[in-house]
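# Coordinate analysis (summary)
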Protein chains: 2
Amino acid sequence: ERSGEQTFNTYCIACHMSGVAGAPRFGNHEDWQPRIDKGLDTLLKDAISGFRAMPPKGLCFDCSDDELKHAIEYMIDNSQQ
Amino acid sequence: ERSGEQTFNTYCIACHMSGVAGAPRFGNHEDWQPRIDKGLDTLLKDAISGFRAMPPKGLCFDCSDDELKHAIEYMIDNSQQ
C-alpha cells in the first residue's frame, strides 16, 4: 500500500501543486478550508467518482479507496497554517 | 493492448477535452497544428517524459510507448478539418 505522500507525489501533484483548472493547491490554506468544511467522506466520494475538472480517482485507477483517502489526508495535513 | 481511442477516453480526455492548463483540445485544429508541426517523435517523447503542465505518460504509468503513440495519433486524426 502506498502512503498518502507517495500517491500524492505520483498522481495528485500533477494538478494540485500549481492549481490546474481550479484544483486546491498543496499547502494553500485558503484553497483547502472550504474543502475541509465538506468533510472527509464527501471529499473521498468526490475524488473516487470525479468532480468538476478532477477525473475519477485522479487517474490512479489502481488506487484503493484507502490510498485515495490517505492522499487527501496528506494534502489536508499540509494545508494547515 | 488498448486502442488510441480507449487510452484517450480513460486518461487523455481528462485534460485534452476541455483544454485544461493549455492542453491542446480534442478536435481543435488550431490547437493541434503547431504540435503536429513538431513531428510525432517529439510529441511522443514529450508525452512520455512530461511537458509543461502535462505529467509523465499523462499519468497512464502502465501505458506502453505504443499505446501512448496510438493515443496521440487518435488525437491528431481527430484534429484534422
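As the structure is a computational prediction, the values presented were derived from the model and not from experiment.

Cut-offs and rules
Residues numbered from 1 in each chain as written. Chains lettered and ligands numbered in written order. Predicted model: local features only at pLDDT ≥ 70, side-chain atom pairs only at ≥ 80, totals over all residues. Heavy atoms only, no water. Helix = DSSP H or I, 4+ residues; strand = E, 2+ residues; numbered from the N terminus. Expected span 1.5 Å × (residues − 1). Bend = angle between axes of the 7 residues up to and from the residue. Buried < 20%, exposed > 50% of the residue type's maximum accessible area, 1.4 Å probe, protein only. Contact = heavy atoms within 4.5 Å. Least-squares fit on C-alpha atoms with pLDDT ≥ 70 in both. Core = buried A, V, L, I, M, F, W, Y, C linked by side-chain atoms within 4.5 Å. Salt bridge = Lys/Arg side-chain N within 4 Å of Asp/Glu carboxyl O. Phe/Tyr/Trp six-rings, centres within 6.5 Å; stacked < 30°, edge-to-face > 60°.

Turning our eyes to something else, we now look at helix α1 (residues 4-16) of chain A. Residues and elements named next belong to chain A. The end-to-end C-alpha distance of α1, which contains 13 residues, comes to just 14 Å, noticeably less than the 18 Å that a straight helix rising 1.5 Å per residue would cover. Along its length, α1 reaches its greatest deviation from straightness, about 55°, at Thr10. Those residues of α1 lying buried are Gly4, Thr7, Phe8, Tyr11, Cys12, Ala14 and His16. The secondary structure elements touched by the buried residues of α1 are α2 (29-38) and α4 (65-77).

Turning our attention to the relation of the copies chain B and chain A. The two copies are related by a screw motion: chain B maps onto chain A through a turn of 180° and a shift of 0.0 Å along the axis, at an RMSD of 0.0 Å. One copy is carried onto the other by what is essentially a two-fold rotation axis. A high fraction, 100%, of the interface residues of chain B reappear at the interface in chain A, so the copies pair face to face through one surface.

Side chains of nonpolar character tend, in soluble globular proteins, to be buried together. Formed by 34 residues in total, the largest nonpolar core has its most connected members in Ile72 of chain A together with Ile72 of chain B. Ignoring any residue separated from it by four or fewer positions in sequence, one finds Ile72 of chain B in contact with Leu40, Leu43, Leu44 and Ala47 of chain B.

Time to look at the pattern of salt bridges. Residues and elements named next belong to chain A. Within this structure, the stated rule accounts for 10 salt bridges over all chains. Across the pair Asp62 and Arg2 runs a salt bridge whose closest N-O atoms are separated by 3.3 Å. Here Asp62 is found in the loop between α3 (40-49) and α4, whereas its partner Arg2 is found in the segment before α1, with 60 residues between them in sequence. Overall, the relative accessible area of 55% leaves Asp62 in the exposed class. Between Glu67 and Arg2 there is a salt bridge; the shortest N-O distance is 3.3 Å.

Moving on, we get to the packing of aromatic side chains. Evaluated as defined, the whole model comprises eight aromatic pairs over all chains. Ring pairing ties together the aromatic residues Phe8, Phe26 and Tyr74 of chain A, which thus form one cluster.

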